[in-house]
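Report on the structure
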Amino acid sequence: MKGILFTKFTEQDDRPPYQRLMDLFMELLQYTSGDAMEALDWLTQLDRKYGLTNDEYGIGDFIEDLKQQGYLQDGEQEGSYKLTSKSEQTIRKRSLDEIFGKLKKAKRGNHHTFKSGQGDEMNPETRPYEFGDALEAIDYTGSLKNSFINHGVDQLTMKQDDLEIHEMDFKSQTSTVLMIDISHSMILYGEDRITPAKKVAMALSELITTRYPKDTLDIVVFGNDAWQIEMKDLPYLQVGPYHTNTVAGLELAMDLLRRRKSPNKQIFMITDGKPTCLKVGNKYYKNSFGIDSKILNRTLNLAGQLRRLKIPVITFMIASDPYLQQFVREFTQVNNGKAFYSSLDGLGQFIFEDYERNKRKRMR
């Protein structure tokens, strides 16, 4: 807990103790990788220091409330607790609110593309009627106005030239793979980079499942190897003693997207460094010193393959070292993708804005 500030959660406010403790507990869970016991231990320490509870409501009361409301359940050992699926979903929703803000509700399904015609959903812009246009797309207000201008108001006369039609936006489905670097460097030098990355992943998961349920999101983590994880696993994600096998992550992402039928496909990659590892047969080839040409060339070859498949890689670089950024620039140029050099605080907003923007592109 050393070095982490929870000032906004420890300041006095007028809310009941349960609500204050709940906010802090959910935040602590993201730093303890979903370890409820460790989060409760931290909560108790913060309570002793800042006086979060009182004689009428203590941490023990809070734990009982969590159990009764379905956020905690008894663990395998006596006196231990673990999270429920309700807690996991609550963490995702809180991440969505924190990073992306309160999003307006939208109709189920889909993102707009910049393509007009006989599409799926009306937009405010209009154009003259053409033979074959859907009648339900007629702009009656605009059409009546044209009729009055063209023929006068004494007798209603409506001709084809008076009709206006709402432009129709096509909706697109998008398949996204989110790659998260879990190499050891994500917690090096006293900077916690994995927790913001997890928050973004949870927020993006919640965004897609609630606002764009026809889209798909696959989550891949990569260290020495790469493997797929489920949305429910995100709160428990931890950094390991790994190098960075970007090739393995990209290969798995390609395989997952190959199975998806969506016309629009993309990869979001959150990383803080260069690739430092390859798997050659059953052995690992590793080099953490500088940019290794053998590893670099394999990575760039994959970037080119993805470009030919029209799958852009949007890289979110959360490190400021110039030589690391040079690798990202080279990778992005070969892939014809995009790169953002983001601080940890701005990471979520970058991803949200780019996800929304990509959904409004022309369908391939």
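Each value, and the rule that gives it
- Residues numbered from 1 in each chain as written.
- Predicted model: local features only at pLDDT ≥ 70, side-chain atom pairs only at ≥ 80, totals over all residues.
- Heavy atoms only, no water.
- Buried < 20%, exposed > 50% of the residue type's maximum accessible area, 1.4 Å probe, protein only.
- Helix = DSSP H or I, 4+ residues; strand = E, 2+ residues; numbered from the N terminus.
- Arc of directions from axis to C-beta.
- Contact = heavy atoms within 4.5 Å.
- Expected span 1.5 Å × (residues − 1).
- Axes fitted to C-alpha atoms, helices over the stretch in contact; angles between N-to-C directions.
- Left-handed = near helix turned anticlockwise from the far one by under 90°.
- Nonpolar A, V, L, I, M, F, W, Y, C, P; charged D, E, K, R; others polar.
- Patch = residues over 30% accessible without salt bridge, like charges linked within 9 Å, V, L, I, M, F, W, Y side chains within 5 Å.
- Areas by Shrake-Rupley, 256 points an atom, 1.4 Å probe, with all protein chains shown as cover.
- Salt bridge = Lys/Arg side-chain N within 4 Å of Asp/Glu carboxyl O.
- Polar contact = N/O pair within 3.5 Å; in protein donor to acceptor, adjacent residues only side chain to side chain.
- Pairing = 2+ DSSP bridges.
- Core = buried A, V, L, I, M, F, W, Y, C linked by side-chain atoms within 4.5 Å.

**Thoughts on helix α4 (residues 59–68)**
- Residues of α4 that are buried include every one of I59, F62, I63 and L66, and no others. Taken end-on, α4 shows its buried residues confined to a sector of 100°, consistent with a single buried face.
- Buried-residue contacts for α4 involve α2 (17–31), α3 (36–50), β1 (72–74) and β2 (81–83).
- Of the residues trailing α4, G70 is marked for its positive phi of about 85°.

**Things to note about α2**
- Between the first and last C-alpha of α2 there are 22 Å, a value that for 15 residues agrees with the 21 Å anticipated at 1.5 Å per step.
- Counting buried positions along α2 gives 12 out of 15 residues, so the element sits mostly inside the fold.
- Listed as buried for α2 are Y18, R20, L21, M22, D23, L24, F25, M26, E27, L28, L29 and Q30.

**Observations regarding the packing of α3 against α4**
- The N-to-C vectors of α3 and α4 enclose an angle of 145°; their axes lie 11 Å apart at closest approach. Note on packing geometry: the crossing formed by α3 with α4 is right-handed. Across the interface between the two elements, L40, L43, T44 and D47 of α3 pack against I59, F62 and I63 of α4.
- Partitioning the contact of α3 with α4 into residue classes produces 5 nonpolar, 1 polar and 1 charged.

**Overview of unusual backbone geometry**
- The phi dihedral of S33 falls on the positive side, at around 55°, and the residue is not glycine.
- Relative to the helices and strands, S33 is located in the loop between α2 and α3.
- Here S33 falls in the buried class, since its relative accessible area comes to 14%.
- For N336, which is not glycine, the phi dihedral falls at a positive 60°.
- Mapped onto the fold, N336 is located in the loop between α10 (322–335) and β14 (338–341).

**Focus: a nonpolar patch on the surface**
- Together, L144, F148, V153, L156 and M158 line one region of the surface with nonpolar side chains, adding up to about 460 Å² of accessible area.
- Note that L156 resides in the loop between α6 (140–151) and β5 (164–169).

**What to know about the side chain of D215**
- Within the secondary structure, D215 is located in the loop between α7 (194–211) and β8 (216–222).
- Judged by its relative accessible area of 6%, D215 falls in the buried class.
- Side-chain polar atoms of D215 contact the backbone nitrogen of T174, separated by 3.0 Å.

**Here we look at the pairing of β8**
- With respect to burial, β8 is a largely interior element, 7 of its 7 residues being buried.
- A two-sided burial pattern is seen for β8, the buried positions comprising T216, D218, V220 and F222 on one face and L217, I219 and V221 on the other.
- In this structure, strand β7 (residues 174–181) lies alongside β8, joined through 7 bridges in parallel fashion. Counted as the bridge partner of M179 is V220 from β8.

**So, the nonpolar core**
- Within the largest apolar cluster, 54 residues are counted, with the highest numbers of intra-cluster contacts made by F62, L72 and I180.
- The element that contributes the greatest number of residues to this core is α7, accounting for 9 residues.
- Here I180 is in contact with I194, A197, A201, I219, V220, V221, F222, L234, L237 and I270, once residues within four sequence places are set aside.
- With 27 residues, the next largest nonpolar core counts V177, A253, M317 and V328 among its residues.

**Describing the sheet that holds strand β13 (residues 313–317)**
- The sheet built from 6 strands is open, its strands ordered β9-β8-β7-β10-β13-β14 with mixed pairing. Edge strands, defined here as strands with exactly one partner in the open sheet, are β9 (226–229) and β14. Each neighbouring strand pair of the sheet contributes to a mean axis angle of 20°, computed without reference to strand direction.
- Summarising the sheet, β8 and β9 pair through 4 bridges and their orientation is antiparallel. Along β9, the bridge assignment pairs V220 with Q228.
- Strands in contact with α7 are β7, β8 and β10 (264–271); relative to β7, the strand with the most contacts, it is inclined by about 165°.

**With respect to the environment of S183**
- Structurally, S183 can be placed in the loop between β7 and α7.
- The class of S183 is buried, set by a relative accessible area of 1%.
- Placed 41 residues apart in sequence, S183 and N224 show a C-alpha to C-alpha distance of 7.7 Å.
- Contact partners of S183, with chain neighbours within four places excluded, come to F222, V239, G240, Y242, H243, T244 and D272.
- At 2.7 Å, the side chain of S183 forms a polar contact with the side chain of D181.

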